[in-house]
Amino acid sequence: MLQKRRWKTLAVMRRMLTCAICVIGLLALFAVHLNVFPSSTPTFPDPYKLPTQREAGFQKLSTEVHLSEELAPPHHLSKSQHPYHKLIGDGEILDYSKLWKPPPNRGFAPCLERSPSYTYPRESQGYLLVHTNGGLNQMRAGICDMVAVARILNATLAIPDLDKQSFWRDSSDFADVFDEEHFINALAHDVKVIKKLPLELSTIPRAVKHFRSWSGVDYYESEIASLWAEHQVIRAAKSDSRLANNNLPPDIQKLRCRACYEALRFSQKIEAMGKLLVERMRSYGRYIALHLRYEKDMLAFSGCTHGLSPEEANELATIRENTTYWKVKEINSTDQRMKGYCPLTPKEVGIFLSGLGYPPDTPLYIAAGEIYGGETHMADLRSRFPTLMRKENLTSVNELKPFAKHASQMAALDYIVSVESDVFIPTYSGNMARAVQGHRRYLGHRKTISPDRKALVHLLDKVELGTMKEGKNLSNRIVEIHRRRQGSPRKRKGPIPGTKGKERFRSEEAFYENPLPDCLCQARGLREMDPINVI
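Calculation rules
Residues numbered from 1 in each chain as written. Predicted model: local features only at pLDDT ≥ 70, side-chain atom pairs only at ≥ 80, totals over all residues. Heavy atoms only, no water. Helix = DSSP H or I, 4+ residues; strand = E, 2+ residues; numbered from the N terminus. Disulfide = S-S within 2.5 Å. Buried < 20%, exposed > 50% of the residue type's maximum accessible area, 1.4 Å probe, protein only. Pairing = 2+ DSSP bridges.

Asker: So what exactly am I meant to see when it comes to the environment of Tyr 287 here?
Answerer: Of note, Tyr 287 is situated in the loop between α7 (268-282) and β9 (288-291). Separated by 133 residues in the primary sequence, Tyr 287 and Glu 420 have C-alpha atoms spaced 9.7 Å apart.

Asker: Just checking my understanding: could you explain the state of the cysteines for this structure?
Answerer: Note on terminology: disulfide describes a covalent bond linking the sulfur atoms of two cysteines. This structure, assessed with the given rule, holds three disulfides. The disulfide partner of Cys 257 is Cys 519, and the S-S distance across this bridge is 2.0 Å. Between Cys 257 and Cys 519, the S-S dihedral sits near 90 degrees, and the bridge is therefore right-handed. Of this pair, Cys 257 sits in helix α6 (residues 250-263) while Cys 519 sits in the loop between α19 (501-506) and β13 (520-522), and the two are 262 residues apart along the sequence. Accessibility assignment for this pair places Cys 257 and Cys 519 in one class, buried. At a sulfur-sulfur separation of 2.0 Å, the disulfide partner of Cys 304 is Cys 342. Where Cys 304 bonds to Cys 342 through sulfur, the torsion about that S-S bond is close to -90 degrees, and the disulfide is left-handed. One end of the pair, Cys 304, is in the loop between α8 (296-302) and α9 (310-322); the other, Cys 342, is in the loop between α10 (333-338) and α11 (346-356), with 38 residues separating them in the sequence. Here the disulfide map of the protein chain reads 1-6, 2-5, 3-4, the bonded cysteines being numbered as they appear in the sequence.

Asker: I tried to follow the sheet that holds strand β12 (residues 423-426) on my own but got confused; where do I start?
Answerer: Pairing between the strands of a sheet comes from backbone hydrogen bonds, and it takes one of two forms, parallel or antiparallel. Reading across from one edge, β11-β10-β9-β12 is the order of the four strands in this open sheet, with parallel pairing throughout. In this open sheet, the two edge strands, each paired with only one partner strand, are β11 (388-389) and β12. Direction of pairing for β9 relative to strand β10 (residues 364-366): parallel, over a ladder of three bridges. Note that in β10 the partner of Ala 289 across the bridge is Tyr 365.

This is how it looks when you write it as structure tokens:
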């Protein structure tokens, strides 16, 4: 009886063992086909996606999640396409990584050291008041030039007044846009800067002067310095382009760069919001900052009406006619465009980016104010590149509210996102385009693609007329035209040969557009192996 029970128990154990072996075999089979168990290949976290405003609203600035590219890989990596290659037609493969690769830096780095003969500010001859003019980046350049002028004149510089009367009617003061304390302290070894004119001097007569455009040191040391004999206070009525781009003492040029890239920081609240915008753009992956200068003021000023309705063209002409400080009233839009003097339209930008090889899921940040015509003119670009972001849809209403009614502060946010972008593309060579390009050069020659608008217009018109189709041929032409227009190191360009007077200075490349060679130096060994030229 006992032996029978043992046999039954053994039979049950055999059946259980058989079932266990079958289960293990089935699990192993499923593991091969379904990858149930992790392999030795390293795994990566899922892309972090910021909550939309509809889902949760963004977190407050003080508790914002700090993102990184590692935690937020490009969204297109989770899609079916290969992360490094993209077909562009007829079986040709474009190396996707090259689209983001910056140009060779060639060993250039900032060199702002003062010369051995440079001295601390001497006893001041008097006070320099400055009324800046223009938009944010025109004012920035003017402020930095006036720092240098104060040094030349041996003057005490009062914190400049920002322009409140221009097209944008911005009421911001200096401290609303810039870090005032840092500005004063950072320049302590160069120029004495004070917040306000001393009270006892507030009512005395001042020498109000329009400094001559693109002037050198001699002009300020002779003509302007002579005003100290009768005045304790000189007031500069304008600040833009009052200092020559070239042929100034090296210490003055380096001071301009120290003022621009080290002393003139944005206010802490602007810096914090700018950083937040960059982090949120990074959550979409590597991105292009597109300075889409297709705004009402630019189109009215330039007289460019291609792609606009007759009603829109008439509205812009009326604005130009009624803006007293715009001297040119009658402008031939077709001539302007054929010469490359018009900003690219949003539709043209879409064709251009596609021609360069950027895929449709490339994130674009629109660094601009209100686009003229709104979605009517943006539809073509959005259809090609749906991930089209702006300040307004990267933030909640409450987050943007402190900046929303101040054009200079809004432009400062765009400036930060543009400087920090993987690729910067300006559609027009205005003040912001020049300022951002120069800053990106200073920071290591980050990739900046400057569209050849004159060459592009001829190609784009062929596409519009149907004599050329989008595809491999157009793409090859666009890529070839812009092969040497991607922000690589080169010396600042001088005047166009044959130009004279103010036109000669106006034709030069602006100092803050390219601070090389004055503020960027190459290691001696590299300099001998790889001499830099104007290209």
